[in-house]
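# A closer look at the structure
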Amino acid sequence: MTTREEIRGHWNQLRGRIEERWTQLSPHDLDNVNGDTDQLVGAIQQKTGQARQKIEAELDSLLQDVSSAASHATEKMGEYAKQAKEQAAQYVDSAREQYEQMNEKFREGYRQAEQTVRSRPAESIAVAFGTGLLTGLVAGLILNKR
């Protein structure tokens, strides 16, 4: 026999199935029941005249259907979560690989600049001075136009 806890645990899903199976019940009848097995069976008996054992057997069957649907949904959610986790891990690995490539390119550029400064210090200072001078002139012109 169906227990109160089982009915209360699946009441929202089970209620729809009960309404489909016993159309004689009004929404008000089910509102008053609120998941209580004895009240539910009594309401169904009162409206349909069916025997208690038959009602309980049908409720057990409906509850098994609802429970198996809930189990299936939980199983599917687990599969989707696993897929999402795998995709996220792939994304993180790809991002990490791109970061490492960019970092390596930056380090290579820094090493090349350092070698150039060491091998040609006077030219490097002249280029830095010229770049600074041009940057200052451009910034001054922009600020004077405002």
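On to the overall build of the chain, then. Helix and strand content of the chain: 6 helices and 0 strands. When its helices and strands are written in sequence order, the chain yields α-α-α-α-α-α. Taken against the 2.2 N^0.38 rule, which gives 15 Å for 146 residues, the C-alpha radius of gyration of the chain at 37 Å runs more than 25% over that of a compact globule. When the backbone C-alpha atoms are referred to their principal axes, the chain occupies close to 105 × 40 × 20 Å. Each of the 146 residues in the chain was classed as buried or not, and the buried ones make up 19%. Summed over all atoms, the accessible surface of the chain reaches about 11300 Å², with 54% contributed by carbon and sulfur.

Moving on, we come to the pattern of salt bridges. Throughout the structure, instances matching the rule amount to 11 salt bridges. With a shortest N-O distance of 2.8 Å, Asp31 and Arg15 are connected by a salt bridge. Placement of Asp31 in helix H3 (residues 27-33) and of Arg15 in helix H2 (residues 11-21) is noted, with a sequence separation of 16 residues between them. Here the salt bridges do not stand alone but share partners, grouping Arg15, Glu19 and Asp31 into one network.

It is worth spelling out a nonpolar patch on the surface at this point. Judged by side-chain polarity, Phe129, Leu133, Leu134 and Leu137 come together as a nonpolar surface patch covering roughly 460 Å² of accessible area. Tracing the backbone shows Phe129 in helix H6 (residues 121-145).

Quick notes on the rules
- Residues numbered from 1 in each chain as written.
- Predicted model: local features only at pLDDT ≥ 70, side-chain atom pairs only at ≥ 80, totals over all residues.
- Heavy atoms only, no water.
- Helix = DSSP H or I, 4+ residues; strand = E, 2+ residues; numbered from the N terminus.
- Rg over C-alpha atoms; globule rule 2.2 N^0.38 Å.
- Buried < 20%, exposed > 50% of the residue type's maximum accessible area, 1.4 Å probe, protein only.
- Areas by Shrake-Rupley, 256 points an atom, 1.4 Å probe, with all protein chains shown as cover.
- Salt bridge = Lys/Arg side-chain N within 4 Å of Asp/Glu carboxyl O.
- Patch = residues over 30% accessible without salt bridge, like charges linked within 9 Å, V, L, I, M, F, W, Y side chains within 5 Å.

These figures come from the coordinates and say nothing about function on their own.
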